[in-house]
Amino acid sequence: MEKEKSFTISKRQVWEAYKSVKANRGGAGIDNQSIAVFEEDMNNNLYKIWNRMSSGSYFPPPVKRVEIPKGEGKMRMLGIPTVADRVAQMVVKNSLEPLLEPHFHADSYGYRPNKSALDAVGQARQRCWRYDWVLDLDVKGFFDNISHELLMKAVEKHTDCRWTLLYIERWLKAPIAMIDGSLIYPEKGTPQGGVVSPLLANLFLHYVFDHWMQRSYSEVPFERYADDAVCHCRTELEAKQLKADLEARFGECGLELHPEKTKIVYCKDEDRKGDYPVMKFDFLGYTFRPRLSRTRRGRFFESFTPAISNKAAKAIRQKIRSWSWQLRPGDTLEDLARECNPIIRGWINYYGRFNPSALRGILDHLNWRLVRWATSKYKKLRGRQRKVTKWLRQIAERQPNIFVHWGVLYKTAER
């Protein structure tokens, strides 16, 4: 007979957490154990997690530090927990999230059920039409600088569950295994890449920013997605005052607004006269700026609208180049499409929501890469790019479903 456990955590909770971790996929942690390897002894592995969490003896292993390209030659630091630790974190997340959700602000969109980045972009678009000014916020090193003490106070405000508080504290203090093999014991921050980190980060900014805005600037609407936020102001003076007050507020909470990247933006359009130093900003992969738009009756006018940002477009082109289709002459069009269509569909679904015509250049680039592939596959077509382009177009018209972008590209071209 098993000893009575210190904490009431059911095996069902651990099983549901594992299913979520598996669905989210993700790489191996410091133990190099993938989800596939974890599953080879799944029952025993899940039992160990349940047994240790229930008895209070679960201690997280070090988090594996990895670097991923951020763009402009910069790297983003992520912390990858082991599969077992991700399951343990998911147990806590699934328990804590329902307690926090009712308290979160309606315009907090990041990592929340039934909310998305596109919802935030759409709301920002509407408000840029109604408000002349935007304060575009950038928090410097947000995930690395969250105060453990203030975060634990925020968690304690919403739960007194002993095991939730115990394990969150242990995860915050868990060592980070650096790329050179050394271990760092953090005094602040929560690893970007952990399962429970986004929920904790949202809670922290709920009190630092959302709740404070409601109390101090209730007339200023905003959209926030994790640490990306834009505030809509009626006047430049209001935007300047808000910027100064937010700098002080974030400073009180151990955070800093990036001095160069935090900026005041004029939302210039047909009815807003005058030019200002900054009249565009980036938000969640979209650039908001004045653009020529057309009414249903065909009249052109200037509107302040979002479209895919240059930074996002550059990252997509780099991804397309990395596929190196020209080095795969043995593959068929169907082979290439099967592998790449899910990614291309994701780009179209996300960046095609607002100003989809701005995607045309990327879709043309995809086809140009296919032309290069065809000239490497068929010797008789080498040096005859115009003929290959025509040949590819004919295939796309006969079988538009091979590549997901063909239907969009040629529909756009016919307009």
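Everything below is about the structure shown above.
Residues numbered from 1 in each chain as written. Predicted model: local features only at pLDDT ≥ 70, side-chain atom pairs only at ≥ 80, totals over all residues. Heavy atoms only, no water.

Some words on the packing of aromatic side chains
The tally for this structure, following the rule as stated, stands at 24 aromatic pairs. The interplanar angle of 25 degrees and the centroid separation of 5.4 Å between the aromatic rings of tryptophan 323 and tryptophan 325 together place this pair among those described as stacked. Its relative accessible area of 9% is what places tryptophan 323 among the buried residues. Through pairs of rings, three or more aromatic residues link up here, namely Trp323, Trp325, Trp347, Phe403 and Trp406. A cation over an aromatic ring shows up here: lysine 11 above the ring of tryptophan 50, its NZ or CZ 4.7 Å from the ring centre. (Phe/Tyr/Trp six-rings, centres within 6.5 Å; stacked < 30°, edge-to-face > 60°. Buried < 20%, exposed > 50% of the residue type's maximum accessible area, 1.4 Å probe, protein only. Lys NZ or Arg CZ within 6 Å of the ring centre and 35° of its normal.)

Overview of the side chain of threonine 190
Checked against the element boundaries, threonine 190 lands in the loop between β5 (183-184) and α8 (197-216). In this structure the side chain of threonine 190 is engaged in a polar contact, spanning 2.8 Å, whose partner is the side chain of serine 197. Those residues in contact with threonine 190, other than ones at most four positions away along the chain, are Phe143, Ile146, Leu172 and Ser197. (Helix = DSSP H or I, 4+ residues; strand = E, 2+ residues; numbered from the N terminus. Polar contact = N/O pair within 3.5 Å; in protein donor to acceptor, adjacent residues only side chain to side chain. Contact = heavy atoms within 4.5 Å.)

Quick word on helix α11 (residues 333-351)
Its maximal kink placed at cysteine 340, α11 deviates by approximately 50 degrees, while the proline proline 342 follows within four residues. Within the span of α11, buried status applies to Leu333, Leu336, Ala337, Cys340, Asn341, Ile344, Trp347, Ile348 and Tyr351. (Bend = angle between axes of the 7 residues up to and from the residue.)

Brief notes about the nonpolar core
Residues Phe209, Met213, Leu242 and Leu246 are the most contacted members of the largest nonpolar core, which totals 68 residues. Looking at this core, the element that brings in the most residues is α8, giving 11 residues. Counting 52 residues, the second-largest nonpolar core is a separate cluster that includes Val134, Cys267, Ile348 and Trp406. (Core = buried A, V, L, I, M, F, W, Y, C linked by side-chain atoms within 4.5 Å.)

Some thoughts on the packing of helix α6 (residues 148-156) against α8
One can describe the packing of α6 onto α8 by two numbers: an axis separation of 10 Å at closest approach and a directional angle of 90 degrees. Accordingly, the angle class assigned to the pair α6 and α8 is roughly perpendicular. On α8, the residues that touch Leu150, Leu151, Ala154 and Val155 of α6 are Leu200, Leu203, Phe204 and Tyr207. Of the residues assigned to the contact of α6 with α8, the class counts are 8 nonpolar, no polar and no charged. (Axes fitted to C-alpha atoms, helices over the stretch in contact; angles between N-to-C directions. Parallel < 35°, antiparallel > 145°, perpendicular 65-115°, else oblique. Nonpolar A, V, L, I, M, F, W, Y, C, P; charged D, E, K, R; others polar.)

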